[in-house]
Amino acid sequence: ADAIVAISQGASENLKQALHLPADLVNVIYNPTSRPELRELSLECTGVEFLDASDHVPAIVYVGRFAHQKDVPTLVRAFGIVRQQIECRLVLVGDGEKRSEIEDLVSELGLSADVDFVGFRYNPYPFMARASVFTVTSIYEGNPNALIEALTCGAPSISTDCPSGPREVLMDG
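Here is a short report on the structure shown in this document. (Residues numbered from 1 in each chain as written. Predicted model: local features only at pLDDT ≥ 70, side-chain atom pairs only at ≥ 80, totals over all residues. Heavy atoms only, no water.)

## As for the overall build of the chain
Part 1: For the chain, the count of helices and strands is eight helices and seven strands.
Part 2: Relative to the globule expectation of 16 Å for 173 residues, the C-alpha radius of gyration of the chain, 17 Å, shows essentially globular dimensions.
Part 3: Taking the principal axes of the C-alpha coordinates as reference, the chain spans close to 55 × 35 × 30 Å.
Part 4: In the chain, which comprises 173 residues, the proportion classed as buried is 45%.
Part 5: Pairs at least 24 apart in sequence give 63% of the contacts found in the chain among residues at least 6 apart.
Part 6: For the chain, the accessible surface area stands at approximately 9,400 Å², while carbon and sulfur atoms represent 53% of it.
Part 7: Side chains of the chain give 13 positive and 24 negative charges; the mean places of these two sets differ by 1 Å. (Helix = DSSP H or I, 4+ residues; strand = E, 2+ residues; numbered from the N terminus. Rg over C-alpha atoms; globule rule 2.2 N^0.38 Å. Buried < 20%, exposed > 50% of the residue type's maximum accessible area, 1.4 Å probe, protein only. Contact = heavy atoms within 4.5 Å. Areas by Shrake-Rupley, 256 points an atom, 1.4 Å probe, with all protein chains shown as cover. Lys, Arg positive; Asp, Glu negative; His and termini not counted. Charge placed at Lys NZ, Arg CZ, Asp CG, Glu CD.)

## Points about the sheet that holds strand β4 (residues 89-93)
Part 1: Strand order in the open sheet formed by five strands is β5-β4-β3-β6-β7, and the pairing between neighbours is parallel. Each edge of the open sheet is held by one strand with a lone partner, namely β5 (115-119) and β7 (157-159). Across the sheet, the mean angle from the axis of one strand to that of its neighbour is 25 degrees, orientation sign disregarded.
Part 2: Here four bridges tie β4 to β5, and the two strands are oriented parallel to one another. Each bridged residue has a counterpart across the sheet, and for V91 the counterpart in β5 is D116. (Pairing = 2+ DSSP bridges. Axes fitted to C-alpha atoms, helices over the stretch in contact; angles between N-to-C directions.)

## Digging into the pattern of salt bridges
Working definition: two side chains of opposite charge can pair if their charged atoms are close together.
Part 1: In this structure the tally under the stated criterion is eight salt bridges.
Part 2: A salt bridge links E13 to K16; the nearest nitrogen and oxygen atoms lie 3.0 Å apart. Separated by three residues within a single helix, E13 and K16 lie in helix α1 (residues 9-19), roughly one turn from each other.
Part 3: E13 gets classed as partly exposed once you look at its relative accessible area, which sits at 43%.
Part 4: For K16, a relative accessible area of 16% translates into the label buried.
Part 5: For the salt bridge of D95 with R99, the shortest nitrogen-to-oxygen distance reads 3.8 Å.
Part 6: Residue classification places D95 among the partly exposed positions, given a relative accessible area of 38%. (Salt bridge = Lys/Arg side-chain N within 4 Å of Asp/Glu carboxyl O.)

What follows is the structure in C-alpha cells.
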C-alpha cells in the first residue's frame, strides 16, 4: 500500500507496531461524527418518563452495543456501588448478543428497579443530552463515536482508559 488510514492515533500506533510499518505510511483521519442536525435531534423526547421530566433523578447513560468489547457488566457493577451512595438511574440504550447476560446481572445485583433497558434507538441524542453523566466502559476502542456525540450534546462524560480512542477524545482526562 502507498498509504494506510487509521481512525485514531492509538489505532495508528497499534497498526505500526503490529505490522512493523514505517511511521510515515500510516495517517490518521478521524471518523466524522458531528451531524449538523445533532443539536436539534437531541431536543426530542426520549420516551422515558423520568428522563423527559425537567427535574429528573440523576441518570448515568450508556449508548452502544451489548458486546464483550463494550464491557457493560463493569458499568452495571459500578452503578451498583454508586447507587448505594446516591439516588440515580442507569439508562442502557442499545442491544446486542450480551443483553440477556446483562439483564441477568442487573437482576442478580438487585438493581432492576433502577436500570432501564430502552433498546436500540435511531436517535440516541436525547438520551445523551439528558445524561447526568455519559459512560464508556470499553475494553478497547478505535475511535468512540458515541463519546464524541455525547460530548457534542453537552453530556459530562467518563470513560475507562482502554487502549486507543477515549484517551484521545478526552485529551488525557
